[in-house]
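# Observations on chain architecture
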Amino acid sequence: MADTASGTDPSGTPAGTPSDSPGTDWERVLNPRTVVILGASGRADNPMARPLRWLAERGFAGRVVPVNPKYAELAGLPCAASLADVEAPVDLVLAMVPAARAAGAVRDAGRAGAVAVIVFASGFAEVGPEGAALQEELVAAAREVGVRVFGPNCQGIVHTPSRLFASFSAAVERPLTGSSGIAYVGQSGAIGGSVLDLAAERGLDLTTWVSTGNQADVDLTEIGRYLVCRPEISVLAVYVENLRDGAAYARLAETAAAHGTALVVLRSGRSAAGKRAAVSHTGAMVGDDTAFRLVSRRHGVVLVDDVEELLAAATMLRGQPRPTGRGVAAVTTSGGAGILAADRCEGLGLRLPELAPETQEKLARLVPEFGALANPVDVTAQLFNRGDRAFGEVCAIVCADPSVDSLLVLVTMVTGQEAVALAEDLAAAMQGGTVPCAVAWLAGPDRTAEARALLTTAGIPVFGSVAVASRVLAELVREPGPGAAAAAPAPPGPLPSDGWELLDAIGVPRPEGRSAATAEKAERIARELGGPVVLKAEGPAHKSEVGGVRVDVPPAEVRQVAAELLGLGGAVLVQRRAPAGFELLVGATSGGDGWPPVVTVGLGGVATEIHRDLATALAPLDRDAARALLRELRSWPLLAGHRGAEPLAVDAAVDAIVAVSRAATDPTVAELEINPLIVGRDDVTAVDVLVRRTEEER
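To start, this report covers the structure provided alongside it.

### Some thoughts on the overall build of the protein
- Counting its secondary structure elements, the protein contains 23 helices and 29 strands.
- Projected onto its principal axes, the C-alpha coordinates of the protein cover approximately 100 × 75 × 40 Å.
- Out of the 698 residues in the protein, the part that is buried amounts to 55%.
- Taking contacts inside the protein between residues at least 6 apart in sequence as the whole, the part at least 24 apart equals 72%.
- Total accessible area on the protein is roughly 27,600 Å²; 51% of this is exposed by carbon and sulfur atoms.
- Counting 62 positive and 83 negative side-chain charges, the protein places the averaged centre of each group 2 Å from the other.

What follows is the structure, given as structure tokens:
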């Protein structure tokens, strides 16, 4: 069976397939009265025989019916010859059949009254056009009989409260109890199996585990929204490769936040929207997953980079409060480890504040004289020679300091029973506290296994790396982003196709100027404008790179210069010279695929891609959000007035950003960029504009 499948193009998911069916009875899926195993195997060594064995032997309270005309009995259970022979009710069908027979199995399941079918087989959209056709047939069959489909090319479902082990993953061999309150949903079966196995190995049995595979019908956002509403689930961990519907992901994140369920997401791959060619500086610089990250930030989603971080963040959010600020206290058994932590935290925007004098005074009674008290707090290995379990007390004192928002414990070669004692001491000290704790244990897992398990059970994650521990803490304290602009007005549409006319329509000032198709007309326009002018070739996207911009051209030279620029393609724009000022980039890119558009501001001009001084937010923006975006720039002091200089026209720049953000919500706009927007003392002027329409992408 294939490892993974995309779930979007080129997955072959039919256009118009609904990703959201709120009427689905998910309770019947996860707590079925009857599970039918279609194509049940009689070979004990066949992985496809595992679900029948597990359902028959591991406490599933419902009815299990194997279907295979070759057998009268399997796993001690009567075997039906066909699905039509199974008496009602039928809730969930496990289709252990080849890809070519899957659509027929779905039709049979629907006629039998099933609410859902899990299609395990591979050989669908992940293998090419022929498989994509089979997947389309599968979805059509599901729509025809009104049944939901998990997969194909998935590894099934585990729901421990009902003892539903509807999977063939070898990870399910473990004695799973589901005590953690953590649910997992993911596309890749192999990654999902690893998550399930590693979690169980760490004493963190997942309560619910769902593999969605190709997502021909049910996708992870839909089942995820059901799970985050369940009272037994406190954390939903997600592995996602493709998000074909940004709006559905936003609903999942919003629903999780509304129900107080932590959402941790590990994402790989690129969105379909990101595969579009970008012609603007904005499109080239902001990245393919910017909208995903901004939506996640808006709703407090924790984004992680690998499986270890996924499990560690889930552990921490399950058993501890989320940090309320960036102040980190490091308590360490090694001065070197403390220095490493300080370096890592500082690089991630975390602070290691010096502890208050009264805190240090209390610590001095416990920490040996050659230790350190300020932060990091180095207790040294000598503390453990006293035998009075002072380590937990040290940590409790540190957490009581008002500057501390989270605790990072760094342990080196404390092993064996001494490690167990430390873990017990630390877990007791952290119980019921308001400051979350993470541990980086730099010793062999085989020599600290019991201690690590104790901490995991207490909701304290244990990392094998200072860098990873610091990174997860930094992500946990990331502040939520701004919400959507309140009562944002509709875009001022229909918007003109011409970029300069569009600026006029949305109220962004620009230099006086007109377009000329001949050198003679360019000369005539220049004389009417008076004085030296600016000439721009209108054909190239990045004019400066091809010599397409000429500044301060005297009237006598306009005809010759215009003729040269006309040779680059398109017409020539003749403009008055804009006043000097700060060059700002203001751009927006369409989200596509249900994602909201993204607004970008940054240091503009020809070197914008070199400086990459950028800030991004979801459109539309109100004035407060636009101003906050400007304040994120490293170059903000140059706008606000640096070293006694007069501030520039920030209010006018804010108005322009708001206007661009509103225009970006027009579904016909793929990219809109002003570069530069000259910010002067009293006003702003858009010197160049680029517009690309969505129809140009088709």
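### Some thoughts on the side chain of glutamine 215
- Inspection of the secondary structure puts glutamine 215 in the loop between strand 11 (208-211) and helix 6 (220-227).
- When its relative accessible area of 2% is taken as the criterion, glutamine 215 is described as buried.

### Observations concerning the packing of helix 5 (residues 189-201) against helix 10 (residues 307-319)
- Two elements in contact, helix 5 and helix 10, have axes whose closest approach is 11 Å; the angle formed by their N-to-C orientations is 50°. One finds that helix 5 runs oblique with respect to helix 10. The element helix 5 and its partner helix 10 pack so that their crossing is right-handed. In this structure, helix 5 uses Ile191, Val195, Leu198 and Ala199 to contact helix 10, whose residues at the interface are Val307, Leu310 and Leu311.

### Considering the nonpolar core
- Judged by nonpolar contacts, the single largest core of 55 residues is most densely connected at Leu94 and Phe150.
- The element that contributes the greatest number of residues to this core is helix 7 (residues 246-258), accounting for five residues.
- In this structure, phenylalanine 150 is in contact with Trp26, Val29, Ala116, Val117, Ile118, Val119, Ile157, Val210, Val218 and Ile223, ignoring residues within four places of it in sequence.
- Core analysis: the second largest hydrophobic core is formed by 50 residues, Phe165, Val195, Val264 and Met316 among them.

The rules we used
Going along each chain's sequence as written, the residues are numbered from 1 onward. A pLDDT threshold of at least 70 governs which residues receive local features in this predicted model, and a stricter bar of 80 or more applies before side-chain atom pairs are shown or counted, although totals over entire chains, interfaces and linings include all residues. With hydrogens and water set aside, each side-chain value is computed from the structure's full complement of heavy atoms. By the criteria applied, helices consist of DSSP H or I runs no shorter than four residues and strands consist of E runs no shorter than two, each listed in order from the N terminus. The rule is simple: take the accessible area with a 1.4 Å probe, protein chains only, and divide by the maximum for that residue type; under 20% is buried, over 50% is exposed, in between is partly exposed. We call two residues in contact whenever any of their non-hydrogen atoms come within 4.5 Å of each other. Surface exposure here means Shrake-Rupley accessible area, sampled with a 1.4 Å probe, where a residue is shielded only by the protein chains that are shown. Under this rule, positive means Lys or Arg and negative means Asp or Glu; His and the chain ends count for nothing. Charged side chains are reduced to one point each, which is NZ for Lys, CZ for Arg, CG for Asp and CD for Glu. Between the N-to-C directions of two axes lies an angle of 0 to 180 degrees, each axis being a line fitted to C-alpha atoms and, for a helix, fitted only over the stretch in contact. Note on angle classes: values under 35 degrees are labelled roughly parallel, values over 145 roughly antiparallel, values of 65 to 115 roughly perpendicular, and the remainder oblique. A crossing counts as left-handed when the near helix is turned anticlockwise from the far one by less than a right angle, and as right-handed when that turn is clockwise. For the purposes of this section, nonpolar cores are sets of buried Ala, Val, Leu, Ile, Met, Phe, Trp, Tyr and Cys residues that join through side-chain atoms within 4.5 Å.

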